[in-house]
Amino acid sequence: MHYRVGRMAGLGLRFLAPGVLLMLGAPDAKAQAGTISAAQVIALAATKTSQLTVTIGSGAVQSIPSLTDNAVNLFPTPAVITTSWDVNPGQTNTVDLMAWFTTPAQALTGGSTQIPSSRVLGRVTTGLPVAFTAITENAVGGIGTAGGSLRLFSQNISGPTKKASRTDNLELEIDLVGFATLAPGTYTGTLNIQAVTQ
Amino acid sequence: MQRPLNRALAAAALALALASTAQAQVGLTSTTATVTLNATKTSTLTVTPTTSTATLASITDNSNANNFSNTALTTSWNLTSGTTVRLVGWFGTPASALANGAALIPSTNVEGGINGGGFTAFTGAAVGGVGVAGGTLQLFSQGVAAINYFSSRVDQLNLRLNLVGFPTTTAGLYTGTLNVAAVVQ
């Protein structure tokens, strides 16, 4: 009998204890209402990568089928170059398009004979060298080679032009006036085209 | 106290992030596109006369003293191969090298040479595909090699009519065309 009374009392305590605890904790909860923790900040950084591309739509291979000594030899079709950019106008003043030969003394080579870049002229009527100009300038913005470069255009960048593109025709010729008579053969070379922001 | 400090730190972090982005844009370069340049210099071989007309004011029958005015010929070449440059003269129709209406002088009675070296009739075969059978004369044969693949020479072309034993010619103007070309062999 004593045993049964004691067991009943134990069960009652198990049910009553949580309620007692809740009542004891209630005054504390009321005291915390309206309290705000210190704010924490999360820094957000999202980078939009600037874009600068050069593509040659046509004329990537230029050919003169028959060079004439002591004459100006025009490549028959221009190289059509499209330059596109998406840059920060606050950090970019210009987009410059450069053309250059890696080794100016050997712009075109054929066997043991070389045609230097001083004999290769280019013009961009929509750009800077509106008349045929020898590719003998220096590098711009680290792009090009000393004495073997030509700046084709310099595009000012501002808010309205921070994201844009332009297409220019690069016309090329080989000026052999006064140059030593060339030995027969094929002369080949590579003209590099690259844009740079400044 | 901690709130302003956190804000300041966040602002500094953002500023640093933006600064690194801006620096990356200075000197931004595109990839390199290329334009391939090809220019071919072909071999050349030319013959240029100083004058296109040789004249003989008065024909003497039964004589070889019928010299035309001399003509200088410049032969130029720029080659990469070959061993010989040959200069060839020929008449298109040997039987009528010169004609005066129906009166004809055949190429057998027209003689040529260069630089005063003697005369030979235009009666040979074509040379290297140049000329016609029975109406051709090789004027010179110049050896060429790497040392003179680019060179030229000037020669005086001597022409005459050899009418010794030829029937008396009809009075009048005889005209004809002598072709001259060079060939590399």
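Residues numbered from 1 in each chain as written. Chains lettered and ligands numbered in written order. Predicted model: local features only at pLDDT ≥ 70, side-chain atom pairs only at ≥ 80, totals over all residues.

### A short note on the interface of chain B and chain A
Taken together, the contacts link 32 residues of chain B with 50 residues of chain A. At the level of elements, α1 (2–25) and β1 (33–41) of chain B are the ones that each hand at least two residues to the side of chain B that touches chain A. Broken down by element, the residue count for the side of chain B that touches chain A peaks at eleven residues, all from α1(B). In this sheet, β1(B) lies alongside strand β2 (residues 61–64) of chain A in parallel orientation, the contact comprising four bridges. Bridged to Ser63(A) within β1(B) is Asn38(B). (Contact = placed C-beta atoms within 7 Å. Helix = DSSP H or I, 4+ residues; strand = E, 2+ residues; numbered from the N terminus. Pairing = 2+ DSSP bridges.)

### Details of the pairing of strand β11 (residues 150–161) of chain B
Residue and element names in this part refer to chain B. When strand β3 (residues 66–67) meets β11, the two strands line up antiparallel, connected through two bridges. By the bridge assignment, Asn67 is partnered in β11 with Arg160. Both strand β4 (residues 71–78) and β11 contribute to a ladder of eight bridges, which runs antiparallel. The partner of Thr74 across the bridge, within β11, is Val154. Of the strand pairs in this sheet, strand β8 (residues 110–114) and β11 are connected by five bridges, and their pairing is antiparallel. Paired with Val110 across the two strands is Leu161, which belongs to β11.

### Some remarks on the sheet that holds strand β5 (residues 84–91) of chain B
Across a sheet, paired strands are connected by hydrogen bonds in the backbone, their directions being either parallel or antiparallel. Residue and element names in this part refer to chain B. The three strands are arranged β10-β5-β12 in an open sheet whose pairing can be described as antiparallel. The strands lining the two open edges of the sheet, one partner per strand, are β10 (136–143) and β12 (178–184). Averaged over all pairs of adjacent strands, the angle between their axes in this sheet comes to 15°, without regard to strand direction. In the sheet, β5 pairs with β12 via seven bridges, with the strands oriented antiparallel. Bridge pairing links Arg86 to Val183 in β12. (Axes fitted to C-alpha atoms, helices over the stretch in contact; angles between N-to-C directions.)

### Describing the environment of Ala145(B)
Among the structural elements, Ala145(B) can be located in the loop between β10 and β11. The sequence separation of Ala145(B) and Gly82(B) amounts to 63 residues, and the corresponding C-alpha distance is 7.1 Å.

### Looking at the confidence of the model for chain B
All names here are of chain B. Put simply, chain B has an average pLDDT of 89, and 86% of its residues get 70 or more. Within chain B, α1 has the poorest average pLDDT of any element, 47, and strand β9 (residues 120–121) the best, 98. With pLDDT under 50 throughout, residues 9–24 is counted as low confidence; its partners more than four residues away or in other chains account for nine contacts. Note on the complex model: pTM 0.71, ipTM 0.78. (pLDDT = per-residue confidence, 0-100.)

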